[in-house]
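Residue-level listing of the chains:
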Amino acid sequence: MEENQSSNSTEKPQDIGKKHAAMIERLSNLHQSRLQQQAISRKSDSLPAFESTESFTDRFHESKTSIESEINRCRSLVTDSANLKSHLDKLSVSISQLEKLVAENSYFLPSYEVRASLQTISDLRETLERVNAELLPKKKFSFKTKKKEQGNVVRTETENYGFDSVLAEKCSIQVRDSPGFRNKEGVVLVKSFGSSKEGDFTLSDLDSCEVRITGCFRALYIHRVRNCRVYVGPVLGSILIEQVEDCLFMMASHQMRIHHAKKTDFYLRVRSRPIIEDCNNVRFAPYLLSYQGIDKDLEDSSLDQETGNWANVDDFKWLRAVQSPNWSILPEEERVSAVKISDLETPSEDI
């Protein structure tokens, strides 16, 4: 030990200088490494919404807060019905844009973040509809008895669509007064949207019809449709489907929500994962629709790329790790061929 101490005490100054320089170099390298990590972190924080979860949540929260504030401001416009309606319409557009933001970012967001965001959007829409109904009262849909004489048989509208009274009460909804096709049976219905990217469209109470919709538009609402074939061009925002049976839907959108559907096939192109609730025996396949100009419509709607999400269905009423028994992939041998609208027969009705 004395020998080691003697050796250390007699260490040459140039050796000490080299060790000191080496230590300074290591500290400098460590400092540079930390600076690089901080720069990477700052760069990550500044990434656009589609690359940063934090940026998405900040933008989503800011939009949500703004919409809530504007909904609360509606009551101050109650004496000016024209401005109030315009304000409510703008809020509906804002909610649809927020919905589109979720859809465009859902491919990288954690599933819990997508679900929480969709629930927030649903709550905002319900709040807006309550305010709308309160400040600008509209006639709400109710399942009124409609007598249909067929010999000695009398059936209510609810029975005609195959839903029991409990489900009918549970699913009672306010049918939007947007343009659309309503209360039709056994006809071909055609609608062509221009390049202006128009607003909402509704399909309601259709039986044994064929529907063809081309061009871009903002949102599609489908209520109580049975035994129909529905072909739809790109939808800029979302599609909401409620109470459908024995149908074929071929449609493209940023977001898809399906409630109370049974024995129905969906041919989809969708940016986010389709969501089903209270459905059974529904099947999914890729989008096969074509018409003159559809490529441009898909590109303008940011739906020109196939995401494969038609096969990534979320069943919100099935929380187990195993596959939900309520939906399946439509076997290739059972799929319809590619559908070209111009090849179909002349329509019975159009708007």
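Before reading further, recall that the structure is shown in the block above.
So, here's what we can say about the structure. Only a predicted model underlies this, so the values are computations on that prediction, with no experimental measurement involved. Numbering of residues starts from 1 in every chain and runs along the sequence as written. Where totals are concerned, whole chains, interfaces and linings use all residues; where local detail is concerned, this predicted model gives features only for residues with pLDDT of at least 70, and gives and counts side-chain atom pairs only at 80 or more. Hydrogens and waters are ignored; side-chain quantities use all the structure's heavy atoms.

### Describing the overall build of the chain
For the chain, the count of helices and strands is eight helices and 14 strands. With 351 residues in all, the chain has 43% of them scored as buried. Considering only residue pairs separated by 6 or more positions, the chain has 47% of its internal contacts joining residues 24 or more positions apart. Computed by Shrake-Rupley with a 1.4 Å probe, the accessible areas treat only the displayed protein chains as cover when residues are assessed. Just so you have it, the chain exposes about 19600 Å², and 47% of that area is on carbon and sulfur atoms. Strands here are runs of E lasting at least two residues and helices are runs of H or I lasting at least four, both read from the DSSP assignment and numbered beginning at the N terminus. For every residue, the accessible area (1.4 Å probe, protein chains only) is compared with the maximum for its type, and the residue is labelled buried under 20%, exposed over 50%, or partly exposed between those bounds. In this description, contact between two residues means that some pair of their heavy atoms is separated by no more than 4.5 Å.

### A closer look at the side chain of Glu-277
Within the fold, Glu-277 resides in strand S8 (residues 275-277). Discounting residues that sit within four places of it in the chain, Glu-277 has contacts with Arg-257, Ile-258, His-259, His-260, Phe-316 and Lys-317.

### Considerations on the side chain of Asp-314
Positionally, Asp-314 belongs in strand S11 (residues 314-315). Reaching out from Asp-314, the side chain makes a polar contact with the side chain of Arg-273 at a distance of 3.0 Å. Filtering out sequence-adjacent residues up to four positions away, Asp-314 remains in contact with Arg-115, Arg-273, Pro-274, Ile-275 and Ile-276. Counted as a polar contact is a pair of N or O atoms within 3.5 Å, where, for protein atoms, one must be capable of donating a hydrogen and the other of accepting one, and residues adjacent in sequence contribute only when both atoms are in side chains.

### Some remarks on the nonpolar core
What is meant by a nonpolar core is a set of buried Ala, Val, Leu, Ile, Met, Phe, Trp, Tyr and Cys residues, joined one to another through side-chain atoms within 4.5 Å. By size, the foremost hydrophobic cluster in this structure holds 37 residues, and its most contacted members are Leu-203, Leu-220, Ile-222, Met-251 and Phe-284. Listing elements by their share of this core, those giving two or more residues are strand S3 (198-207), strand S4 (210-214), strand S5 (217-226), strand S6 (229-245), strand S7 (248-270) and strand S9 (280-286). Membership of the second largest hydrophobic core comes to 24 residues, among which are Ile-67, Ile-71, Leu-77 and Phe-316.

### A word on the state of the cysteines
In what follows, a disulfide is any cysteine sulfur pair within 2.5 Å. Evaluated as defined, the whole model comprises zero disulfides. Cysteine Cys-247 shares no disulfide, and the gap to the nearest cysteine sulfur, in Cys-228, comes to 5.0 Å. Judged by its relative accessible area of 6%, Cys-247 is buried.

### Remarks on the packing of aromatic side chains
Here a pair means two rings of Phe, Tyr or Trp (six-membered ring of Trp) with centres within 6.5 Å. Their orientation is stacked below 30 degrees between planes, edge-to-face above 60, and tilted elsewhere. Tallying each qualifying case throughout the model produces eight aromatic pairs. With a centroid separation of 5.6 Å and 85 degrees between ring planes, the pair formed by Phe-193 and Phe-201 is classed as edge-to-face. Phe-201 sits in the buried class, given a relative accessible area of 1%. Here the aromatic rings of Phe-249 and Phe-266 are separated by 5.4 Å at their centres, their planes lie at 10 degrees, and the arrangement is stacked. The burial state of Phe-249 is the same as that of Phe-266; both residues are buried. A network of ring pairs unites the aromatic residues Phe-181, Phe-193, Phe-201 and Phe-217 as a single cluster. Here the guanidinium or amino end of Lys-191 rests over the ring plane of Phe-193, the centre of that ring lying 5.0 Å away. Think of it as a cone above the ring: NZ of Lys or CZ of Arg counts as a charge over the ring if it is within 6 Å of the ring centre and within 35 degrees of the ring normal.

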